[in-house]
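Chain residues, written in single-letter form:
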Amino acid sequence: FKPVIEDSSGPNLAGFGGLAILVGLLPGVFLLDDQAQQLGLWMLISSIPVFLGGLGEDIGVDIKPLQRLLASLVSAALAVVLFGYWVPYVDFPGLRLITSMGLISIIITIIVSGGICHAVNLIDGLNGLSICWAICAAITMAMIALNVNDIAVFRLLILLIGALVGILCWNFPLGKLFLGDAGAYTLGHALAWIALLLMNRHPEISPLALLLIFLWPITDMLLSMMRRKRSGKPIGQPDRLHFHQMVMRLLEIQFFTRSRRKLTNPLGTIIILPLAIVPMVLAVVYQRQTGAAVVVLCGFVALFVGSYLWAVRRARQPVYRRSRKLKSS
């Protein structure tokens with residue numbers, strides 16, 4: 001089973017979607033009102049380390065995953081300094097103590113922000129998947145911002161959605177332009193910090209409810225880390241066993257025989273998106289109910305893992321049967 005992008009070495013001009021997003025955001029930030037403009041500028045400034053780390057990989061510089069992760073942590077630390085925000089107090093058993101201590105909350109914030117950057121990059125494997133997910137995440141947070149009357153954050157999200165829609169037209173379904181590492185990492189950083197802005201500026205919003213928005217990429221990342229650790233491989237080593245790759249493989253084996261990739265790639269996005277969007281809808285519903293958000297969170301993690309294991313089994317069955325037929329003949 002070949003990866004979606006068969007050769008990622010060397011510069012890939014189609015992978016400069018991240019640069020296109022930045023070009024779209026930068027002038028737009030200066031058109032916002034003063035408060036939204038300040039938030040947008042701090043967002044862009046803090047994203048410089050992680051953007052450069054991803055851009056280096058896009059232009060062919062061999063930047064290891066660990067180095068890109070470190071760049072995302074530097075961006076997160078810079079955002080902590082600029083915004084003066086971190087994960088706020090969470091009134092839930094097991095989280096009350098650690099979120100009540102400022103230094104530990106800052107460390108958790110940096111780790112979570114860097115992890116989300118990496119997670120968004122990992123789901124950037126099908127045409128339109130990461131961009132559509134990001135648009136839906138931004139729409140969800142825009143609805144929450146409107147509910148709490150945070151117009152500055154709402155306008156910043158609308159600007160981000162506009163930039164992403166412009167790239168989506170070239171990314172889905174034919175894949176003429178991709179986010180690249182620079183775009184995916186920067187997008188993860190921006191969305192993570194907009195969520196942190198909301199939970200800090202409005203304590204009534206449950207941080208665990210906002211976590212539902214990021215459920216899909218975070219669960220995929222954690223599952224991939226566990227999978228690699230069990231197989232004795234470094235957790236940062238790429239593989240071809242992510243959820244979206246299993247879905248595409250299953251489509252190719254079960255339903256398509258010729259010219260498969262051009263069909264299964266966008267079809268995989270269409271199949272996955274509803275699964276990723278439902279938790280976002282529930283994040284709006286339970287934005288002020290931490291207990292309900294935890295129940296939903298656990299339920300969808302179980303659904304993700306169960307669906308993944310089912311897809312793996314289904315994808316392996318035809319290969320096994322085919323090998324037996326070859327041996328018998």
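Just above, that's the structure.
Residues numbered from 1 in each chain as written. Predicted model: local features only at pLDDT ≥ 70, side-chain atom pairs only at ≥ 80, totals over all residues. Heavy atoms only, no water.

K.L.:
Give me the nonpolar core: which residues, what numbers.
P.N.:
Soluble, globular proteins show a tendency: their nonpolar side chains are buried together. In terms of nonpolar packing, the biggest core is built from 88 residues, with Trp133, Met141, Leu191, Ile213 and Phe214 touching the most fellow members. Among the elements that make up this core, the one with the highest residue count is helix 7 (residues 129-147) (13 residues). In this structure, Leu191 is in contact with Trp133, Ala134, Ala137, Ala138, Met141, Leu160 and Phe214, ignoring residues within four places of it in sequence. (Core = buried A, V, L, I, M, F, W, Y, C linked by side-chain atoms within 4.5 Å. Buried < 20%, exposed > 50% of the residue type's maximum accessible area, 1.4 Å probe, protein only. Helix = DSSP H or I, 4+ residues; strand = E, 2+ residues; numbered from the N terminus. Contact = heavy atoms within 4.5 Å.)

K.L.:
Describe the pattern of salt bridges, naming the residues involved and giving the relevant values.
P.N.:
When the charged atoms of two side chains with opposite charge come close together, those side chains can pair. For the coordinates displayed, the defined rule picks out four salt bridges. A salt bridge links Asp33 to Arg155; its shortest N-O distance comes to 2.6 Å. Here Asp33, found in the loop between helix 1 (17-29) and helix 2 (34-46), pairs with Arg155, found in helix 8 (residues 151-171); they are 122 residues apart in sequence, far enough to count as distant. Looking at Asp33, the relative accessible area reads 27%, which means it is partly exposed. (Salt bridge = Lys/Arg side-chain N within 4 Å of Asp/Glu carboxyl O.)

K.L.:
Summarise unusual backbone geometry; cite the residues concerned and give the values.
P.N.:
Even without being a glycine, Asn149 presents a positive backbone phi close to 60°. As for its position among the elements, Asn149 is in the loop between helix 7 and helix 8.

Remember that the coordinates give geometry; whether it matters functionally is a separate question.
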